[in-house]
Structure formats: structure tokens, C-alpha cells
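Given next are the chains, with one letter for each unit.
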Amino acid sequence: MKPLAPRHRTSARTLLATGLITSLALVSGCAKSEDDSAGKDKSSAGASDQGQVVASPSTGSGPTCAIDAYGAKKIDLKSATVGFSQSEKEANPFRIAETASIKAEAAKEGVKLLTANAQSQFSKQISDVQDLIAKGADLLVIAPLNSDGWEPVLRSASAKHIPIITIDRKINATACKDYVSFIGSDFIEQGKRAADQMIESTGGKGEIAVLLGAAGNNVTTERTKGFEDRIKEKAPGLKIVFRQTGDFAREKGQSVTENLIQSKPGITGIYAENDEMGLGAVNALKGAGKKPGEVKIVTIDGTRNAVQGIVDGWIDGVIESNPRFGPLAFQTLDAFTKGDKVSQDIVIQDSSYTKDNAKADLGKAF
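Residues numbered from 1 in each chain as written. Predicted model: local features only at pLDDT ≥ 70, side-chain atom pairs only at ≥ 80, totals over all residues. Heavy atoms only, no water.

A.B. asks: How would you explain the overall build of the protein chain if you had to name every residue and give the values?
C.D. replies: When its secondary structure is counted, the protein chain shows 13 helices and 14 strands. Classification of the 366 residues of the protein chain by burial places 57% in the buried group. Excluding contacts between residues fewer than 6 apart, the proportion of contacts in the protein chain whose partners are at least 24 apart in sequence is 81%. Counting every atom, the protein chain has about 14100 Å² of accessible surface; 48% of that belongs to carbon and sulfur. (Helix = DSSP H or I, 4+ residues; strand = E, 2+ residues; numbered from the N terminus. Buried < 20%, exposed > 50% of the residue type's maximum accessible area, 1.4 Å probe, protein only. Contact = heavy atoms within 4.5 Å. Areas by Shrake-Rupley, 256 points an atom, 1.4 Å probe, with all protein chains shown as cover.)

The structure is reproduced here in C-alpha cells:
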């Protein structure tokens, strides 16, 4: 199998020029990761020129939603107040870039923006969103921590006919009734692409481990399914012998990998469902005296530290999950509030990093 080729990237300027086609493509949300202050400084770099691209726009593709069907009233976006609920602390590259993109686009469009951060506490996120509604938010953009448990928010928003867009993770509710659209990645496809890279890196043979993301959201479930289904389909010689959650966190990824090395010393490869767990695995391997490349590691997100890990030889491949939701989120809100139809599921196109392009494309990572 040939190495994964990086997918074509399109700049935010091109995306904005293209505008929001009334029917954008289908599918699903993103992951969490933790990082140090150095990563914080780097993560926002390049955010303005590495905007998201809709995966495969085609007229009439998938279910749509219009403001009349949703039960809301038309509104000029520039006169509206938008509430943004971030799920996790902004001490990691993904969330920093995500929030920065929302804030930058609101400022660019001249839209009043209210923000809240749940600090990885789901009960706080529920109260945060209800507070945004109480403060007068006309529209809501939510990055959900969990997929379930949103009924109190949905009731409050429905009572005031407030449109909701979710980004990077789905909520388990009814589109065009409880919320307007979901914008995010195809996580099953991400898992499949990670499996392809693992097969390429290992030659399709050996024992591999899966560092699972946090429970309770569609990202973990779908990244696991995509990976495991593709391994079964294409590489019966690769055996998954270890599965344990690392909660999308670097520290947990390291401790889980330390246990893995003890219980499975001959492990061939590690699939980490986000970069931070993969970087934790790298720390564990270094501590165990392993050499770069001795254990093949494939991760998902596209942070600079992970891409640098490819350059340094510790990581074999990174599947991108683009966190720069600002332009597409505000284009969707603008079209919807004007009365245009928008897709209920808007899938973005993600790139990838391999040994062939990591050094050249390091500046594109977040």
C-alpha cells in the first residue's frame, strides 16, 4: 500500500469567496487534547490561512434545514448576539485554535459574541449555555463536551426559538428541530485513514494497541469503529490486543502506555485517538528506553507537537481534525438567518501528515 497522500487544502479566503452553498455535505465532530504554554502560543499561528473546507459539496446532498421549518425568525446576523459555549479548558492546541477561530470571525463580521468555557465539566456547560440564553443570545454555537444530556438546554432554546449549531461533536437530538446543523469531521473516515497508515507502517502484521478517547461522545465511538473495521477488513495479520481509555489526555496516555509496555512488551503499534494521548505514549516509550520508530504510532488531530513527532521519528502518521470552525460556522448562521436552506450535517475535509510531508507542512499544524 502506498503512503497516505496529504489531502488538498484550501485557504479560508477561498472558502469565504466560495460562500455557503445551500446544501453542504454530510457527517460528524472533534477531539480534545492538552498541551503546554508553548503549544498555546503556536496553536493559533496560521489559523487565519488554514480554514476548513467542506468535504464534497454537491447540490441537494443530504437533509437540509430552513428557518421556517425550525420555527425561528429571520434576523440580520450583524445585529444579532451570538453565544459560544466551549467545552474544555483552553490549555490545549485544539481548543485554543477552535475558540480563536470563533472569536476572530465574530470580530471580522462585526457580530457581538458572548463566550463561556465549561472547563471540562458537563454540568457547568449546561448552566453556561442557559446563562448565555439569559444574557440575550439570539444564536448559539456549541462545542459539546458530551453527546447526551442536553434536554434542559434544548427546552430553554426552543422556548425562545433560538437556533443552535454544534461544532466538532454531535449531540443526540433531532436536527432541524432541536438544533439546526452539525459541523465537523467524519470520524469513522478518520479512523479508517489511521488504520491505513498503521497497516502501511507495520506491514500489516503484529500486535497493536488502541488508546481510546473519552467515553460519552460520538468522536471516540466512531474513531474506534472506523479503525477496527478497516483493520479487520484489510489486515488480518494485525491483532488488536489492548484497548484502554486515555481520556484524550497526555498524562493518561502516558500512564496507560507504561502499563501496556509492561503487559505487552512486544507491541508493534499504538493507535491513539488524539495527538495528546499519542504524545503521552511517546513519553512512555522514551522512558522505557525504546528507540524512535521501534513502536509505530498513529494519532489524530494535527497539533504541531505531534507533527514534530513525525519529523523526530517517534510518530508515523497524524490524521488531521481541523479546529478552525469560525468562518464556516458564521457562514452557516448567516445563510440560515437570511432564510436559506443549510445542510443538517456539514462535513469538513481533513488533511494528513506523514513522513513525506511533515517537515514541509509543520507550519500548517495548530
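A.B. asks: Before we move on, could you go through the packing of helix α4 (residues 93–109) against helix α12 (residues 326–338) and cite the residues and values that matter?
C.D. replies: Viewed as axis vectors pointing N to C, α4 and α12 meet at an angle of 50°, and their least axial separation amounts to 8 Å. Considering their axes alone, α4 and α12 lie oblique with respect to each other. Judged by the twist between their axes, the crossing of α4 over α12 is right-handed. Here Ser101, Ile102, Glu105 and Ala106 of α4 lie close against α12, whose contacting residues are Gly326, Pro327, Ala329 and Phe330. Across the contact of α4 with α12, the residue classes tally to 5 nonpolar, 2 polar and 1 charged. (Axes fitted to C-alpha atoms, helices over the stretch in contact; angles between N-to-C directions. Parallel < 35°, antiparallel > 145°, perpendicular 65-115°, else oblique. Left-handed = near helix turned anticlockwise from the far one by under 90°. Nonpolar A, V, L, I, M, F, W, Y, C, P; charged D, E, K, R; others polar.)

A.B. asks: Go over the packing of aromatic side chains, please, and point to the residues and values.
C.D. replies: Using the criterion set out here, one finds 4 aromatic pairs in the structure. Where Phe122 meets Trp150, the ring centres are 5.4 Å apart and the plane angle is 80°; that geometry is what we call edge-to-face. Taken together, the residues span a long stretch of sequence, with Phe122 in helix α5 (residues 122–134) and Trp150 in the loop between β4 (139–142) and α6 (151–159) at a distance of 28 residues. Taking 3.9 Å as the distance between ring centres and 15° as the angle between the ring planes, the aromatic pair formed by Phe227 and Tyr271 counts as stacked. Of the two residues, Phe227 sits in helix α8 (residues 218–234) while Tyr271 sits in strand β9 (residues 269–272), which places them 44 residues apart along the sequence. (Phe/Tyr/Trp six-rings, centres within 6.5 Å; stacked < 30°, edge-to-face > 60°.)

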